[in-house]
Amino acid sequence: MNVELILLALAPVFVLCIGIEAWYWRRRRPGMYSLRDTLSNATLALMHQGADKLAWLLIVPFYGWLYDHYRVYTMPAGWVGFVLLFLVQDFLYYVFHRASHRIRWLWAAHVVHHSSERLNLSTAFRQSLMYPVAGMWLFWTPMALIGFTPVQIVGVVLLNLAFQFFVHTQAIPKLGWLEYVLNTPSIHRAHHARNPRYIDRNYAGVLVIWDRLFGSYVEESDAEPCEFGIVDPIHTHNPITLTFHEWRAMARDVVTMPGWRNKGMALFGPPEWRRARAGTQGRDGTHAGSGDGSGVGSRDAISHESGAGKRAGIGTLTSASGAFEGGGGASEPVADSGPLGRVGQSFEQNVRDVGAIEASQHRVQIGRERGGRGR
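Residues numbered from 1 in each chain as written. Predicted model: local features only at pLDDT ≥ 70, side-chain atom pairs only at ≥ 80, totals over all residues. Heavy atoms only, no water.

*Asks:* Which parts of the structure should I look at to understand the overall build of the chain?
*Replies:* When you go through the chain residue by residue, the secondary structure sums to 15 helices and zero strands. Here the contacts in the chain between residues at least 6 apart in sequence split such that 72% fall between residues at least 24 apart. When the accessible surface of the chain is split by element, carbon and sulfur atoms take 66% of a total near 17,600 Å². (Helix = DSSP H or I, 4+ residues; strand = E, 2+ residues; numbered from the N terminus. Contact = heavy atoms within 4.5 Å. Areas by Shrake-Rupley, 256 points an atom, 1.4 Å probe, with all protein chains shown as cover.)

*Asks:* Just checking my understanding: could you explain unusual backbone geometry for this structure?
*Replies:* Outside of glycine, negative phi angles account for most residues, and trans bonds account for most peptide bonds. A positive phi angle, close to 60°, is found at Asp200, a residue other than glycine. Mapped onto the elements of the fold, Asp200 is located in the loop between α8 (185–192) and α9 (209–213). According to the relative accessible area criterion, Asp200 is buried, its value standing at 17%. A positive phi angle, close to 60°, is found at Asn202, a residue other than glycine. (Buried < 20%, exposed > 50% of the residue type's maximum accessible area, 1.4 Å probe, protein only.)

*Asks:* Help me understand the packing of helix α4 (residues 104–114) against helix α10 (residues 239–256), please; the structure alone is not making it clear to me.
*Replies:* Relative placement of two packed helices is described by the angle separating their axes and the distance separating the axes. Two elements in contact, α4 and α10, have axes whose closest approach is 7 Å; the angle formed by their N-to-C orientations is 155°. Comparing the axis directions of α4 and α10 gives the class roughly antiparallel. Handedness of the α4/α10 crossing: right-handed. Residues Arg104, Trp105, Ala108, Ala109, Val111 and Val112 of α4 form the contact with α10, whose own contacting residues are Leu242, Thr243, His245, Glu246, Trp247, Ala249, Met250 and Asp253. (Axes fitted to C-alpha atoms, helices over the stretch in contact; angles between N-to-C directions. Parallel < 35°, antiparallel > 145°, perpendicular 65-115°, else oblique. Left-handed = near helix turned anticlockwise from the far one by under 90°.)

*Asks:* What should I look at first to understand helix α2 (residues 35–70) in this one?
*Replies:* Note that an α-helix has 3.6 residues per turn; residues three or four places apart therefore point the same way. Its 36 residues place the ends of α2 49 Å apart at the C-alpha level, agreeing with the 52 Å of an ideal helix rising 1.5 Å per residue. Along its length, α2 reaches its greatest deviation from straightness, about 40°, at Trp56. Where α2 begins, the side chain of Ser34 points an oxygen toward the backbone nitrogen of Arg36, at a separation of 3.4 Å. (Expected span 1.5 Å × (residues − 1). Bend = angle between axes of the 7 residues up to and from the residue. Polar contact = N/O pair within 3.5 Å; in protein donor to acceptor, adjacent residues only side chain to side chain.)

*Asks:* Just to check I follow, could you spell out the environment of Gly135 for this structure?
*Replies:* Tracing the chain through its elements places Gly135 in the loop between α5 (131–134) and α6 (141–146). Note on Gly135: relative accessible area 4%, which makes it buried. In the structure, Gly135 is positioned 26 residues away from Ala109 in sequence and 9.6 Å away in space, judged by C-alpha atoms.

*Asks:* In this structure, what is going on with the packing of α4 against α8? I would like to understand it.
*Replies:* Where α4 meets α8, the axes come as close as 11 Å, and the angle between the chain directions of the two elements is 120°. For the element pair α4 / α8, the angle class is oblique. Across the interface between the two elements, His110, His113 and His114 from α4 touch His188, His191 and His192 from α8. In the contact of α4 with α8, the residues fall into no nonpolar, six polar and no charged. (Nonpolar A, V, L, I, M, F, W, Y, C, P; charged D, E, K, R; others polar.)

*Asks:* Teacher, can you tell me more about the pattern of salt bridges here?
*Replies:* Oppositely charged side chains may form a pair once their charged atoms are brought near each other. A complete count under the given rule lists eight salt bridges for this structure. Here Glu272 and Arg102 are joined by a salt bridge, their closest N and O atoms 2.5 Å apart. Taken together, the positions of Glu272 in the loop between α11 (260–268) and α12 (273–283) and Arg102 in helix α3 (residues 79–102) put the pair 170 residues apart, joining distant regions of the chain. On the basis of relative accessible area, Glu272 is assigned to the partly exposed category, the value being 28%. Linking Arg104 and Glu246 is a salt bridge whose minimum nitrogen-to-oxygen distance equals 2.6 Å. Taken together, the positions of Arg104 in helix α4 and Glu246 in helix α10 put the pair 142 residues apart, joining distant regions of the chain. (Salt bridge = Lys/Arg side-chain N within 4 Å of Asp/Glu carboxyl O.)

*Asks:* Sorry, what's going on with the confidence of the model for the chain here?
*Replies:* When pLDDT is averaged along the chain, the result is 81, and 73% of the positions lie at 70 or above. Note on residues 300–355: pLDDT under 50 across the span, and 118 contacts to partners over four residues away in sequence or across chains. (pLDDT = per-residue confidence, 0-100.)

*Asks:* I tried to follow a nonpolar patch on the surface on my own but got confused; where do I start?
*Replies:* A grouping of Trp79, Phe82, Val83, Leu87 and Leu159 is seen on the molecular surface, where their side chains present a nonpolar patch of about 490 Å² in accessible area. No other element matches α3, which puts four residues into the nonpolar patch. Structurally, Trp79 is set in helix α3. (Patch = residues over 30% accessible without salt bridge, like charges linked within 9 Å, V, L, I, M, F, W, Y side chains within 5 Å.)

*Asks:* Can you help me understand the packing of aromatic side chains in this one?
*Replies:* One pair of aromatic rings is described through two measures. These are the centre distance and the angle between the planes. Tallied over the full model, the rule gives 21 aromatic pairs. Measuring from centroid to centroid gives 6.2 Å for Phe62 and Trp65, while their planes differ by 25°, and the two rings are stacked. A residue pair is termed a helical-turn pair when its members lie 3 or 4 positions apart in one helix, as Phe62 and Trp65 do in helix α2 at three residues. In this structure Phe62 comes out as partly exposed when scored by relative accessible area, which is 31%. (Phe/Tyr/Trp six-rings, centres within 6.5 Å; stacked < 30°, edge-to-face > 60°.)

*Asks:* Please explain α8 as it appears in this structure.
*Replies:* Burial analysis of α8 places eight of its eight residues in the buried class, the great majority of the element. All of the buried residues along α8 are Pro185, Ser186, Ile187, His188, Arg189, Ala190, His191 and His192. Close packing links the buried residues of α8 with α3 and α4.

*Asks:* I would appreciate a short explanation of the environment of Ile240 in the present structure.
*Replies:* In this fold, Ile240 is placed in helix α10. With 197 residues separating them along the chain, Ile240 and Thr43 place their C-alpha atoms 9.7 Å apart.

*Asks:* Honestly, the side chain of Asn160 in this entry has me stumped. Any pointers?
*Replies:* Mapped onto the secondary structure, Asn160 falls in helix α7 (residues 150–164). The buried category is assigned to Asn160, whose relative accessible area is 3%. Among the polar contacts made by the side chain of Asn160, one reaches the side chain of Gln89 at a distance of 2.9 Å. Excluding residues within four positions of it along the chain, Asn160 makes contact with Gln89, Asp90, Tyr93, Gly205 and Val206.

What follows is the structure, given as structure tokens:
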């Protein structure tokens, strides 16, 4: 597939851009990049790509079946067909992205991308292997019904996502009149911010016209600098924990919450429904939930359990890759974690000092910036 070859050729370009950006920030803002954060992003990208490749093996034939039996039109070849393909897919991406912030089942996959408190080009690699399970592929099915071939569908999706790599940066300021048309770094910085002003805004893929048409656009403001991440931070760099923490919290809610309506809302309601319900019950004198912070706003719908052992995540797999654990300290080792666990613990020992230095630099840098803003 030609588009896949183009993206394969772009891979070293992406890596080069990350290297240039890291060098650019090295003296200006040393905390912009973290070794563990970047390694976590790269690992998540590999996991995501592997899952996507497997998913396409099933999904592409399904698109072909829809196209062969149920398409209502055959789209013309040439530039007219390509422009229509691009516009339809970019609109559907907007729908998918907005749904991913408002439906907990989808947010459980998408939260991975928002969980870092840094925003740099490597953040674009921070994706979830659970997107096929969440149902991202369903949002592209209308293209097959309209009359686009599976090759066209997969190609335009990949191109759209490739474009978005370049908006994950703080090095580029606002871009004038382009801010009215395209998704720019400034627009996407606001999307990744956890400030109340910015949460659940700017869902654009390539074109920002959808946000402006449907009332979800907000401008990045110098008066309110973006603070990145989710409202209840998950203090880990472990890719296993990052991938599955919200799925765990969601499953626990389905099991423990009474009534089918509550169980359905735990799966498909807005991510913040979990905390809103717990708060209401607390005021009524009934149980106020588990207090784990799960399901608490689309930017902060996470399971934030206390204690190093709980932060270890889901069993032996999480502990085995404990080299990625950060924040409040490393996870407690599992007694019999096997060879993979011993490798992870050894690697963790080697990078722990580096991580501590980086965390200290990051805190100092944030303090300086906030001091400069009079905060």
